[in-house]
Amino acid sequence: MTNEAVMTCRNLNIFYGEKQAVFDVDLDILKNKVTAIIGPSGCGKSTLLRSLNRMNDFVPTFSMNGVINFEGKNVLKEDPMVVRTRIGMVFQKPNPFPKSIYNNITWGPKIHGHKVNFDELVENSLKAAALWDEVKDRLHDSALDLSGGQQQRLCIARTVAMKPEVILMDEPCSALDPRSTIRIEDLINDLREDYSIAIVTHNMQQAARVSDYTAFFYEGELIEYGVTDGIFTNPQEKKTEDYITGRFG
Amino acid sequence: MKDGFAARKRKEKIFKYACLALTFSSVLILVVLLYHIGQTGNKYLSLKFLTSWPSRFPHKAGIKAGIWGTIWLISLTAAISIPLGVLSALFLEEYKIPGKIGKIVEINVANLAGVPSIVYGLLGLTVFVRYFGLDRSLLSGALTLSLLILPVIIVSSREAIKAVPDAIRFGAYALGASRYQVVFWHVLPIALPGILTGVILALSRAIGETAPLIIVGALTYISYTPESVMDEFTVLPLQIYNWASRPQEEFHYLAAGGIIVLLTVMLSMNFIAVVIRQKTSKKVKI
């Protein structure tokens, strides 16, 4: 498999009002790879992730400049609604819609007028999210009756149903118990076959387990970026080493 | 040390029973009132009372005109104020007017809720009755009452919309939804019970209003049911007011009968609001 980049950030600066949160970042999200973004709290990793699909537009003071190349266009100049159909997102806390499991998955494609067989779409999406066997007999029950881990996998299925190119995950396991966490990690492993994934995580073991590439952020700057094994076994930067060996953070 | 505790416990007890007594005193007043009205009102309360026109002979008088006027007026008020109020609330919450203007609008809406109803009556008289030439019609009355309850609907709808978790909005936006789609598919359905509760309470307030309607020229003697929104009308509270202000005691019984009907309608509306709130209070927490 080649190391083709699906998204390339160049000279990306992100601001909240006067305060700069991300400084001059160059970062590639590689095709069919899992890229982990790690760093201590407040280092700008979530801010960066949410900028990739323009979810920060909802923060009134937010602004950014630079280039995010995606499918031959600059994400910063595109219509955010179009961007978000191609770059999906899974949030920190599971946030299924208070509708049935079935409708949670079909809602996205429906509002975009996708002409597909919805039964098939639901089945395939749930299978892709490793949830099908658990819910196939109760597709029309409320999504809120599911456990936290199941809800999060439903949110992944909902994202997958849009057939995005990239899936962004913002600490997707931080609200889950260890068993559910393992299931999501296995799932991320499988999803890489069809999607390119960027995942923000607090948990360094998780980054080591699931990712192919790791980017370490500190105080809004990208300190080090490389193959995960390299970052964890042989970091080039002192700060990276201090962080992954637990000396701060 | 010990003495201090005993004194505090005593105070605690006194405070508790004082609160209890005060709570019950207001309930007691309501019970006495209801009992009194029930006593005086049941004399004329019958099917005939509900289906007769007003009359200068007490035994012939009824509240048919008042009931039909109230039904027309409230339906019309609901039809005007609900879309206006809910859409305003949606706009203020979801689209948000930035900066100073937004603040000013917000403060204004909140303040309007506190304006006395008679002031709305004068506004209605000047604008709807005279300026737009709608005369003493149902439409004038309904527009005036709509203005009166609009702030209440807006404020309560905004609260209900605010209570919709942002996580739901972001989840929908992340799928590429437009603001309109997020609002109509997710925000509104989740906020609906709260909005309905506010709307029903606002309408039950409108049902009891008298002052603004007197000013915009609702009549007290009407012997037909309205057939269009341009017809003249009367409403239950006005009919009650009219009877209560007559010197003959017999008419006071009629007034009490009217009050029973009005209270029954209002209490059942409030009851529906409470049921809606309780049935849906558990839903959607993320």
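Counting restarts for each chain, with residues numbered from 1 along the sequence as it is written. Labels follow written order: the first chain is A, the first ligand is 1, and so on. Confidence filtering applies because this is a predicted model: local features only for residues at pLDDT of at least 70, side-chain atom pairs given and counted only at 80 or more, and all residues used for totals across whole chains, interfaces and linings. To get the side-chain values, take all heavy atoms of the structure and skip hydrogens and water.

Engineer: Would you mind going over the overall build of chain A in detail, with residue names and values included?
Structural biologist: By the criteria applied, helices consist of DSSP H or I runs no shorter than four residues and strands consist of E runs no shorter than two, each listed in order from the N terminus. Assigned secondary structure in chain A consists of 10 helices and 10 strands. Atoms considered for the radius of gyration are the C-alpha atoms alone. The globule rule reads 2.2 Å times the number of residues to the power 0.38. By the compact-globule yardstick of 18 Å for 249 residues, chain A fits well, its C-alpha radius of gyration being 18 Å. Categorising residues by exposure relies on relative accessible area from a 1.4 Å probe, with only protein chains included: less than 20% of the type maximum marks a residue as buried, more than 50% marks it as exposed, and the intermediate range marks it as partly exposed. Taking all 249 residues of chain A together, the buried fraction comes to 55%. Contact criterion: two residues are considered in contact whenever any of their non-hydrogen atoms come within 4.5 Å of each other. Across chain A, every contact between residues at least 6 apart in sequence was considered, and the portion connecting residues at least 24 apart equals 67%. Within chain A, one finds 28 positive and 34 negative side-chain charges whose respective centroids are separated by 4 Å. Only four residue types enter the charge count: Lys and Arg as positive, Asp and Glu as negative, with His and the chain ends excluded. A charged residue contributes its charge at one atom only: NZ of Lys, CZ of Arg, CG of Asp or CD of Glu.

Engineer: Describe the interface of chain B and chain A, listing the residues and the values that go with them.
Structural biologist: Contacts between the two partners involve 18 residues from chain B, matched on the other side by 23 residues from chain A. Buried area: the accessible area, evaluated with a 1.4 Å probe, that two parts lose upon being put together, summed over both parts. Between chain B and chain A, the buried area comes to about 1,800 Å², and carbon and sulfur atoms account for 73% of it. Counted as salt bridges are all cases of a side-chain nitrogen of Lys or Arg within 4 Å of a carboxyl oxygen of Asp or Glu. Counting every contact that joins chain B to chain A gives zero salt bridges. Whenever two N or O atoms come within 3.5 Å, that pair is a polar contact, provided that in protein one can donate a hydrogen and the other can accept it, and provided that, for residues adjacent in sequence, both atoms are side-chain atoms. Across the contact surface, chain B and chain A share five residue pairs in polar contact (both at pLDDT 80 or more). The set of elements that each furnish at least two residues to the side of chain B that touches chain A consists of α7 (166–173) and α8 (179–208) of chain B.

Engineer: Now, about the side chain of A:Lys45: what can you tell me, with residues and values included?
Structural biologist: Residue and element names in this part refer to chain A. By the secondary structure assignment, Lys 45 is in helix α1 (residues 45–52). No salt bridge is formed by the buried Lys 45; its nearest oppositely charged neighbour, Glu 171, is found at 4.4 Å. In this structure the side chain of Lys 45 is engaged in a polar contact, spanning 3.1 Å, whose partner is the backbone oxygen of Gly 39. Setting aside anything within four residues of it in sequence, one finds Lys 45 in contact with Ile 37, Ile 38, Gly 39, Pro 40, Glu 171, Val 200, Thr 201 and His 202.

Engineer: Explain the nonpolar core residue by residue, including any values.
Structural biologist: The biggest cluster of nonpolar side chains holds 104 residues, and the ones touching the most others in it are A:Met7, A:Leu12, A:Leu48 and B:Leu213. Sort the elements by how many residues they give to this core and α8(B) lands first, with 13 residues. What B:Leu213 contacts, discounting residues up to four positions off in sequence, is B:Leu73, B:Gly141, B:Leu145, B:Ala218, B:Phe233, B:Val235 and B:Leu238. For this analysis, a nonpolar core means a set of buried residues of the types Ala, Val, Leu, Ile, Met, Phe, Trp, Tyr and Cys, connected via side-chain atoms within 4.5 Å. Counting residues in each nonpolar core, the second largest holds 39 residues, with A:Ile101, A:Tyr102, A:Cys173 and A:Ile244 among its members.

Engineer: Tell me about the environment of B:Ala174, and please be specific about residues and values.
Structural biologist: By the element assignment, B:Ala174 lies in the loop between α7 and α8. Those residues in contact with B:Ala174 that sit more than four places away from it in its chain are A:Met55, A:Arg84, A:Ile87, A:Gly88, A:Met89 and A:Phe91.

Engineer: Pulling in residues and values, what's your account of the packing of aromatic side chains?
Structural biologist: By convention, a stacked pair of Phe, Tyr or Trp rings (six-membered ring in the case of Trp) has centres within 6.5 Å and planes under 30 degrees apart, an edge-to-face pair has planes over 60 apart, and any other such pair is tilted. Taken as a whole, this structure holds 11 aromatic pairs over all chains when the rule is applied. Both rings, one in A:Phe58 and one in B:Tyr173, keep their centres 4.3 Å apart while their planes meet at 35°; by these two values the pair is tilted. Here B:Tyr173 lies in helix α7 and A:Phe58 lies in the loop between α1 and β4 (62–70), a pairing that spans two chains. The structure contains a cluster of three or more aromatic residues connected by ring pairs, namely A:Phe58, B:Phe170 and B:Tyr173. Look at NZ for Lys and CZ for Arg. If either is within 6 Å of the ring centre and within 35 degrees of the ring normal, a charge sits over the ring. Lying over the aromatic face of B:Tyr95, B:Arg179 brings its terminal NZ or CZ to 5.5 Å of the ring centre.

Engineer: Which residues make up helix α10 (residues 236–244) of chain B, and what values do they have?
Structural biologist: Burial of α10(B) is extensive: seven of the nine residues sit out of reach of the surface. Residues of α10(B) that are buried: B:Leu236, B:Pro237, B:Leu238, B:Gln239, B:Ile240, B:Asn242 and B:Trp243.

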